[in-house]
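# Descriptive analysis of the structure
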Amino acid sequence: MERLAYCVVIISDTRQELVETVTEAICHTESCILVHVHADKGAERMVASFVGSPETVVEGALNAAVIVQRSVDMRFHKGPLNPVGALHAVVFTPFSNIGPQQCEDIANTFSHNLADLLEVPVYQFNCSPIEDVGYDDLPAAIEANEPIFGPKDFSPSWGTTLVGTSRSYLMFNVNVMGTRDQANKICKHLNNRTDLRAKTVLLEDSGNAVIGCEILDCNTCGLNDVMDTIREHANEQSIAVVGSHIVGSIPLQALIKAADYYIEKENVFLMKEQQKLRFVIDRLGLNSVSEFKPESKVIEYVLGVNRHGPLQSSTVQQFVESVGSRTSTPGGGSVSALVTALGLALGQMTGWMTYGSKKHDSAEKTVTSILPVLHKTIDQITPLIDADAMAFSNYLVAQKMPAANEEETARKQEALEEALLTIIHVPMKIMELGCSCWAPLEDLSTNYNASLKSDLQVAIKCIETGIWGAYKTVMINLDDVLNDKTKQEIAAKARKLLETSELMSSRLLAALEK
């Protein structure tokens, strides 16, 4: 899969011609994909976000920087945010198949190139003493602090630039009907966190304050964490919270995580992605400033990212033809994953057609506890359709490795063993996930819509068959594993899962016939 980094560029100007030229510069950078451009005239701040490979994302950010140097003069800046320069900050985060260290390397490459190309000082984002000194005091701050790259010189028209990385960076504004001092009290509580930075911006035309938040890691600091903290301390001061706004774009998972929090907190029964998005948009008040449109704000939606593998995304006809073709993949493992998922889906259908019916009121509590389990397990099993095929392909690659000498032979054997264990791991996971649903299905079988009896019976038989198929896939590949202890442990675990599956299937089918 392609290695991609996500870049956020923060510029201290919002003139339309600048927005257009920066957008054009990024879009014309080969392999860079623009995600979103947001120009906040009240704050006099433009935020552009895009993705690209490690090389092209650096080039895209540099192209934007060149435009900014030609077009922006900080001596005429009048915004309330007190930026450190024309190009205030550039932040890189992992997006696909890139880790934190690789992002650090990307940031260092960009910093070095920016300093050399424009002859400007560059400081570390989120840990530099110059960040909050104010532009008037910036010359003295630069004189007192060594930049990570570039000359220790202050240019009044440019200032400096902060460059760094974040595990998952997000800009989130929350509106409160209060004064600057009241908002500042709230910010003090927010700034107790190491994964969050907050400052107050007063909207003079409305008399309200905006608390501008930079979430440095969405994995540890959720939107709900920020909003709940603000609401709590706003309530202490008897001031109202009147909505929020995402500056730029947002990862899908950040919204889903917040939705799941409010779903649990309010004991609401929601499972589908679009339902969760609609719910969390309402709970966070994301439509208060302007309409929040997921198709233009959520990174994955903007990029059209296919979160499913080729087999999982294929039509039924395409999948059947692929299985029936003269190739070794997709084979029994992929089919076992699909059959198990279909069985779980039939179980889920039975649950849905029992839920919400006056005739089956007594089953509602049971069904609402079962459906999320089945839904989650289906989401975990369906990617294994592709994972099984990919694992076998990797094994074939290892088989073709050279073995002309002892060193190459040893390396090939190690690669084959590792690939073989991966081939075994996938069907083992199918068995584990399938077996994890026997107890919920047993609960469902005691109180369900009886008109779906045959559907539930087919569901049970499909799951049993899928687990049996996964077992056979494990055992045929286990013969080639060299480590006897590993072989015995896997075989024992697989047999136990198979026995559990056969026992539960037999028991449930017998109970349904009564």
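Residues numbered from 1 in each chain as written. Predicted model: local features only at pLDDT ≥ 70, side-chain atom pairs only at ≥ 80, totals over all residues. Heavy atoms only, no water.

## As for the overall build of the protein
Assigned secondary structure in the protein consists of 19 helices and 10 strands. C-alpha atoms of the protein, sized along the principal axes, occupy 80 × 70 × 40 Å. Counting over 514 residues, the protein shows a buried share of 49%. A separation threshold of at least 6 residues defines the contact pool for the protein, and within that pool the share at least 24 residues apart is 75%. When the accessible surface of the protein is totalled, it reaches about 24,700 Å², and 51% of it is carbon and sulfur. In the protein, which carries 44 positive and 64 negative side-chain charges, the distance between the mean positions of the two groups comes to 7 Å. (Helix = DSSP H or I, 4+ residues; strand = E, 2+ residues; numbered from the N terminus. Buried < 20%, exposed > 50% of the residue type's maximum accessible area, 1.4 Å probe, protein only. Contact = heavy atoms within 4.5 Å. Areas by Shrake-Rupley, 256 points an atom, 1.4 Å probe, with all protein chains shown as cover. Lys, Arg positive; Asp, Glu negative; His and termini not counted. Charge placed at Lys NZ, Arg CZ, Asp CG, Glu CD.)

## Describing the pattern of salt bridges
Where charged atoms of side chains with opposite charge meet at close range, the side chains can pair. Tallied over the entire structure, the rule returns 15 salt bridges. Here E146 and K152 are joined by a salt bridge, their closest N and O atoms 3.5 Å apart. Accessibility expressed as a relative area gives 30% for K152, which makes it partly exposed. Across the pair E407 and R411 runs a salt bridge whose closest N-O atoms are separated by 2.8 Å. You can see E407 and its partner R411 sitting in helix α16 (residues 406–435), four residues apart, about one turn around the helix. Overall, the relative accessible area of 58% leaves E407 in the exposed class. We classify R411 as partly exposed; its relative accessible area is 43%. When salt bridges with common partners are traced through the structure, they connect D13, R15 and E17 into a single cluster. (Salt bridge = Lys/Arg side-chain N within 4 Å of Asp/Glu carboxyl O.)

## So, the pairing of strand β4 (residues 87–96)
Across the 10 residues of β4, eight count as buried, placing the element largely inside the fold. Inspection of the sheet shows strand β1 (residues 4–11) paired to β4 by eight bridges, in the antiparallel sense. Counterpart to I11 in the pairing with β4 is L87. As judged from the four bridges shared by β4 and strand β6 (residues 161–165), these two strands associate in the parallel manner. When the bridges of β6 are listed, F92 appears paired with T165. (Pairing = 2+ DSSP bridges.)

## Some points on the packing of aromatic side chains
Inspection of the entire model under this criterion finds eight aromatic pairs. On the numbers, 5.6 Å between centres and 50 degrees between planes, the contact of F269 with W352 is tilted. One end of the pair, F269, is in the loop between α7 (252–266) and α8 (273–284); the other, W352, is in helix α13 (residues 332–352), and 83 residues separate them in sequence. Residue class for F269 comes out partly exposed when judged on its relative accessible area of 21%. Both rings, one in F269 and one in Y355, keep their centres 5.1 Å apart while their planes meet at 55 degrees; by these two values the pair is tilted. Here F269 is found in the loop between α7 and α8, whereas its partner Y355 is found in the loop between α13 and α14 (364–381), with 86 residues between them in sequence. (Phe/Tyr/Trp six-rings, centres within 6.5 Å; stacked < 30°, edge-to-face > 60°.)

## Focus: the sheet that holds β1
Strands sit in the order β2-β3-β1-β4-β6-β5 across an open sheet of six strands; the sheet is mixed. The open sheet has two edge strands, β2 (33–40) and β5 (122–124), and neither has a second partner. With direction set aside, neighbouring strand axes in the sheet form an average angle of 20 degrees. Where helix α1 (residues 16–27) meets the sheet, its contacts fall on β1, β2 and β3 (45–52), and the angle it forms with β2 comes to roughly 165 degrees. The sheet contacts of helix α2 (residues 54–71) involve β1, β3 and β4, and relative to β3 the element is tilted by about 155 degrees. (Axes fitted to C-alpha atoms, helices over the stretch in contact; angles between N-to-C directions.)

## Some thoughts on the side chain of N224
Among the secondary structure elements, N224 is positioned in helix α6 (residues 223–236). The class of N224 is buried, set by a relative accessible area of 5%.

## A short note on unusual backbone geometry
Between T329 and the following residue, P330, the backbone shows a cis peptide bond with an omega angle of -5 degrees. Along the polypeptide, P330 turns up in the loop between α12 (316–323) and α13. A positive phi angle, near 60 degrees, is found at N97, a position not held by glycine. Here N97 lies in the loop between β4 and α3 (100–118).

## Focus: the packing of helix α17 (residues 438–445) against helix α19 (residues 484–513)
At a minimum axis distance of 11 Å, the contact between α17 and α19 shows a crossing angle of 5 degrees. In terms of orientation, α17 lies roughly parallel with respect to α19. On α19, the residues that touch W438, L441, E442 and S445 of α17 are S501, M504, S505, R507, L508 and L512. When grouped by side-chain class, the residues that make up the contact of α17 with α19 number five nonpolar, three polar and two charged. (Parallel < 35°, antiparallel > 145°, perpendicular 65-115°, else oblique. Nonpolar A, V, L, I, M, F, W, Y, C, P; charged D, E, K, R; others polar.)

## Focus: α2
The terminal C-alpha atoms of α2, which comprises 18 residues, lie 27 Å apart, in line with the 26 Å expected from a rise of 1.5 Å per residue. Listing the buried residues of α2 in full gives P54, T56, V57, V58, G60, A61, L62, A64, A65, I67 and V68. In this structure, the buried residues of α2 make contact with β1, α1, β3, β4 and α3. (Expected span 1.5 Å × (residues − 1).)

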